[in-house]
Amino acid sequence: MKVAEAVGRALYAAGVGQVFGVVGSGNFHLTNAMVAAGSRFVAARHEGGAATMADAYARMSGTVAALSVHQGPGLTNAMTGIAEAAKSRTPLLVLAAEVTEPRSNFYVDQEALARSVGAVTARVTSAEDAVTQALDAVRRAVCERRTVLLNLPLGVQALDVPDVSDVLAGESTLAVEPPERAPVEPEFDEVEALARVLEKSRRPVFVAGRGARSPGARDALAALAERHGALLATSAVARGLFHGDPWSLDVSGGFASPLAAELIQEADLIVGWGCALNMWTMRHGRLIGPDTTVVQVDDDASALGAHREVHLGVTGDVELTARRALETDDANRQAQQGEQAQQGEQARQGQQAQRGQQSRQGFRTADIGAAIAARVRWRDVPYEDTSTRERIDPRTLSIALDDILPAERVIGVDSGNFMGYPSMYLSVPDENGLCFTQAFQSIGLGLATAIGAALARPDRLPVAALGDGGAMMGAAEFDTVRRLGLPMVVVVYNDDAYGAEVHHFGPDGHPLDTVEFPPTDIAAVARGYGFEAVTVRTRVDLKAVEDWLAGPRSAPLLIDAKVVADRGAWWLEEAFRGH
């Protein structure tokens, strides 16, 4: 048995059941070996799309996924998607064939490429160690939450494995359980310090991020927030985590609604739970009041204070830390009750009154609850509808789609001026309802994101929300949607421009010829790939979407929405502050 086949079988045995890629001569045998062992392979039309599909699949499934690419240009084509995955700490295994002869036209320094975007590297160096080295790469991807490039030199792939009995039998080194990342237990002293800070707070806000995206973490945070009267918010990547909670502010940061931003600014304590508290989530610090205490909880000690100064950093798993804080709070209160039992009646009554003040509802007052219910959602914020007969206001479009599309949905969003509308106006059922591949802020990833998310969540209607620029960049993957038979809705917010640049540079009188384009019939493009398609200029045109939903959904649907281009989105100024 050759190394390529042995490694392919080993990877499947280690839990790598989903592979995306574009197959060339260098990764042909490896990919086929994984498929023969039981992995599902999805052929993309471009390696960049394959990388993002794998990234999105890993995020939405909670499992490690693989990307298989040809040596040299196969890897370079995939680098933007790999950069997004690496910056997002997605557990992703990149399987790249490699030439080691510098005179080869396929030669590039693949290790340097990977390191330059934040991925880590490994290499299969011998037939004797090939399986062990491949399994080590899987473990590192999962246990360290890293995007790992596993280089597979062509010469090594073609070697014979010395002992194939274990490979054929599925025993010994191959009989491994898929690795799991062990939750990090917080230190007792740090939990005690967190409990003291929470006890002193009167207006706490919890902001949950990527590290809190699990039902267990959600439940633990909700219980701790209820104990201390805290309001709940998330970063964009964790949107939906507190869906349905009456004290949820939805997303914190540039996407936040006016009420959410106002309440977060009034907090005397902000706790980031598995959340970087970066410039996006905190609006470059403007959501943090001058006297606000900032706490960050993360299972990676290097993340604490990486983006801003914190008053307290706790190294620990989000769920474990929240539960330990609850336990500490319970223990402290029991101790107080024991002390009171030994005191006189008058002293006990005085301490009960003091404790009553300490256990007040914090931010959870009737007035704040009513305000959240009435206007924390962007769709409930009044606006002037600027729709015309030719173009629809993106807010009007998004609200209508939110009402029309089934609630059980998984949304992939591209980057651009439009992106806040689908991200915030389309509701999601939980933390697995929005796949937000925006760590690198690249245009063109949205369609591939939705494909990967759709495959991970086949129980939900997949929705791809794109701008016209991103739609045309990723148009090759329309073929992948149709070939896979995905019942996807693709919404294109079409303003015939790179809208972010138009609204950023246009007010200063700069020429915009380089960022504006003649009208494109994207609906016709989609029909060429086998989609059903509709052009939407007014609310009435959305009747075709309702008809599609009521029908067999035998082909995907593209909505070419001609949106008004009269203003920049509300979050645009925030975005350009980070450039």
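Calculation notes
- Residues numbered from 1 in each chain as written.
- Predicted model: local features only at pLDDT ≥ 70, side-chain atom pairs only at ≥ 80, totals over all residues.
- Heavy atoms only, no water.
- Salt bridge = Lys/Arg side-chain N within 4 Å of Asp/Glu carboxyl O.
- Helix = DSSP H or I, 4+ residues; strand = E, 2+ residues; numbered from the N terminus.
- Buried < 20%, exposed > 50% of the residue type's maximum accessible area, 1.4 Å probe, protein only.
- pLDDT = per-residue confidence, 0-100.
- Contact = heavy atoms within 4.5 Å.
- Arc of directions from axis to C-beta.
- Pairing = 2+ DSSP bridges.
- Axes fitted to C-alpha atoms, helices over the stretch in contact; angles between N-to-C directions.
- Parallel < 35°, antiparallel > 145°, perpendicular 65-115°, else oblique.
- Left-handed = near helix turned anticlockwise from the far one by under 90°.
- Nonpolar A, V, L, I, M, F, W, Y, C, P; charged D, E, K, R; others polar.

Any two side chains of opposite charge can pair, so long as their charged atoms come close to each other. This model, assessed by the stated rule, comprises 35 salt bridges. When the shortest N-O distance is used, the salt bridge between E84 and R59 registers 2.9 Å. Residue E84 is located in helix α5 (residues 79–87), and its partner R59 is located in helix α3 (residues 47–61); the two are separated by 25 residues in the primary sequence. The same class applies to E84 as to R59, namely buried. In this structure, D299 and R145 form a salt bridge, with 3.0 Å as the shortest nitrogen-oxygen distance. You can see D299 sitting in the loop between β11 (293–298) and β12 (312–315) and its partner R145 sitting in the loop between α7 (130–143) and β6 (147–153), a full 154 residues away along the chain. For D299, a relative accessible area of 17% puts it in the buried group. Via salt bridges that share partners, E98, E111, R115 and R123 belong to a single interconnected network.

Here we take up the confidence of the model for the protein chain. For the protein chain, per-residue confidence averages 93 on the pLDDT scale, and 93% of positions sit at 70 or higher. Throughout residues 171–175 the model reports pLDDT below 50, and contacts reaching past four residues in sequence, or to other chains, amount to 10 contacts. pLDDT under 50 marks residues 352–360. Its contacts with residues more than four places away, or in other chains, come to 7 contacts.

Next up on the list: helix α2 (residues 28–37). If you check which residues of α2 are buried, you get L30, T31, A33 and M34. Down the axis of α2, the smallest arc covering the buried residues is 160°, so these residues share one side. For α2, the exposed residues set more than 90 degrees away from the buried face come down to H29 and A36. Positive backbone phi, approximately 135°, marks G38, located one or two places after α2.

Let us look at unusual backbone geometry. A positive phi is found at R145, a non-glycine position, where the angle reads about 50°. The partly exposed category is assigned to R145, whose relative accessible area is 26%. In this model, R283 sits at a positive phi of 50°, which is unusual for a non-glycine residue. Among the secondary structure elements, R283 is positioned in the loop between β10 (269–273) and β11. Since its relative accessible area comes to 17%, R283 is described here as buried.

On to the sheet that holds strand β16 (residues 489–494). Pairing is parallel across the open sheet formed by 6 strands, whose spatial order is β14-β13-β15-β16-β18-β17. With one partner strand each, in any of the chains shown, β14 (434–435) and β17 (532–536) form the two edges of the open sheet. Across 5 bridges, strand β15 (residues 461–467) lies against β16 in parallel orientation. Pairing of A464 across the sheet is with V490, part of β16. Relative to β15, helix α18 (residues 446–456) is tilted by about 170°, and along the sheet it contacts β13 (409–413), β14, β15 and β16.

A separate point is the packing of helix α1 (residues 3–13) against α2. Contact geometry of α1 with α2 gives a least axis separation of 7 Å together with a crossing angle of 40°. Here α1 lies oblique to α2, going by the angle between them. You can see that α1 and α2 cross each other, and the crossing is right-handed. Every residue of α2 that contacts α1 at A4, E5, V7, G8, R9, L11 and Y12 is listed here: H29, L30, A33, M34 and A37. Residue classes in the contact of α1 with α2 are distributed as 8 nonpolar, 2 polar and 2 charged.

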